Structures are given as C-alpha cells and as structure tokens.
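Observations on the model geometry
The residues making up each chain are set out below.
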Amino acid sequence: MLDIYTLGEEILREKCKPVKIFDSALGMLIDAMFTTMAEANGVGLAAPQVGVDSRLFVVDIPDFGKRVFINPQIIETSVELSCAEEGCLSVPGLWHDVTRPASIVVQAQDERGKAFTLKADGLLARAIQHEYDHLNGILFIDRLDEEEQEKMLKAWEKRAKRRVKG
Ligand code: NI
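Residues numbered from 1 in each chain as written. Predicted model: local features only at pLDDT ≥ 70, side-chain atom pairs only at ≥ 80, totals over all residues. Heavy atoms only, no water.

Distances from the nickel ion to its protein donors, Cys 88 (SG), His 130 (NE2) and His 134 (NE2), fall within 2.1 to 2.3 Å. Donor residues for the nickel ion, ordered by position in the chain, follow C-x41-H-x3-H. In this pair, Cys 88 is assigned in the loop between strand E4 (81-86) and strand E5 (96-101) and His 134 in helix H2 (residues 122-135), connecting sequence segments 46 residues apart. As far as burial versus exposure is concerned, Cys 88 and His 134 are alike and both buried. (Donors = N, O, S within 2.8 Å, 3.2 Å for Na, K, Ca; no water. Helix = DSSP H or I, 4+ residues; strand = E, 2+ residues; numbered from the N terminus. Buried < 20%, exposed > 50% of the residue type's maximum accessible area, 1.4 Å probe, protein only.)

The subject of this paragraph is the packing of aromatic side chains. A complete count under the given rule lists two aromatic pairs for this structure. Aromatic rings pair up to connect Phe 57, Phe 69 and Phe 116 into one cluster. Just above the ring of Phe 116 sits the side chain of Arg 67; from NZ or CZ to the centre is 4.6 Å. (Phe/Tyr/Trp six-rings, centres within 6.5 Å; stacked < 30°, edge-to-face > 60°. Lys NZ or Arg CZ within 6 Å of the ring centre and 35° of its normal.)

The backbone of Asp 63 shows a phi angle near 70°, a positive value even though the residue is not glycine. Summarising the element assignment, Asp 63 is placed in the loop between strand E2 (56-61) and strand E3 (65-77). Here Asp 63 falls in the exposed class, since its relative accessible area comes to 89%. In the Ramachandran plot, Asn 71 falls in the positive-phi region, its phi being about 50° despite a non-glycine side chain. With respect to the helices and strands, Asn 71 occurs in strand E3.

Turning our eyes to something else, we now look at the pattern of salt bridges. Applying the stated criterion across every chain, the model contains six salt bridges. Among the ionic pairs, Arg 13 bridges to Asp 142, the shortest N-O distance being 2.7 Å. Of this pair, Arg 13 sits in the segment before helix H1 (24-39) while Asp 142 sits in the loop between H2 and helix H3 (146-165), placing them 129 residues apart in sequence. Under the relative-accessibility criterion, Arg 13 is labelled partly exposed at 39%. Here Asp 142 falls in the partly exposed class, since its relative accessible area comes to 32%. Taken together, the shared-partner salt bridges in this structure form one network comprising Glu 86, Arg 100, Arg 126, Asp 133 and Arg 143. (Salt bridge = Lys/Arg side-chain N within 4 Å of Asp/Glu carboxyl O.)

A few words now on the state of the cysteines. As enumerated under the stated definition, the model contains zero disulfides in all. Not engaged in a disulfide, the cysteine Cys 16 finds its nearest cysteine sulfur in Cys 88; these two sulfurs lie 13 Å apart. Residue classification places Cys 88 among the buried positions, given a relative accessible area of 10%. (Disulfide = S-S within 2.5 Å.)

Written out as structure tokens, the structure reads:
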C-alpha cells in the first residue's frame, strides 16, 4: 500500500508530466494504486496523491469497474451541469457538493499505451473530472466559491490540529 499525500503537500499542486514509457514499473505502480484505492475505500486515485508526478489515475466505479486512464484528455463536456457531493482521499473527512458538467468524452491510454475514447455520465463522469483535476494540481475544494472554500479550509485546520494532538 502506498502513502496518500494530503492537502498541504506540494505535489498535490503540481502539473503532472505525461507518461512516456509503458513498462513493468508503470504496471506495478498501477497495481499499487488500485490496491491503495481499495484499502482507502476510494472510487478514484490519481498518481500525485501517491507522490508520483505523472499523468495517470485509476477509478473503480459500480457498474463500470476498474480502469486506468493514462495521459487523459477531456475532449468534450456537456452544457448540462450536475451537482453532487464529493470527497477526496487527499482531503480526508471533508465533503462538499461540487457542480460539474454532467457528461464528458475522455481520451486516454491504457497500461499498454493503447488509446481509447470513452463517453461518461453520472458518477463515472464526476470521478474522471475529479481525478483529471488532480493531474493539473486542482482539488475539489478549488471548485467551490470563496466562502465555501474558507469554511472547508477552517474545518481542515481544525481536523489537522486534532491529528497532531492524537
Ligand atoms: Ni481527490
């Protein structure tokens, strides 16, 4: 299991680099990310969350299953928006409604470098957009308005103090 980096760590704010080599080391990283995500009860996990500054993420969504997205690009977003609660393994314990396009089309590569295109809506579309944001150093709390964001950061600081104490 890999360590999950949390809010405040520099790597979560970096723009990640494209994956160029599709080798066994990449396969091992992907396996470890799936294991770490399952252990943490997450539906998505991006490489920077485990300290790797590469453009890839994994998801495991009911009725869709496990899939890795390498060098993803969101090439279409719907005008229709959807609002639902999100959390993040890098901001544990905090949840908030986030508004995003309801459906998307994403292009990416699999673990062998093979390109695929996928149209997604519902939870899958939300998870892909959330994880894609991680590759550009964006967290879900950045998608909230200023007032909501401040509340979230205050709640985070409170929790951080508690973590240090015990
Ligand atoms: Ni996240």
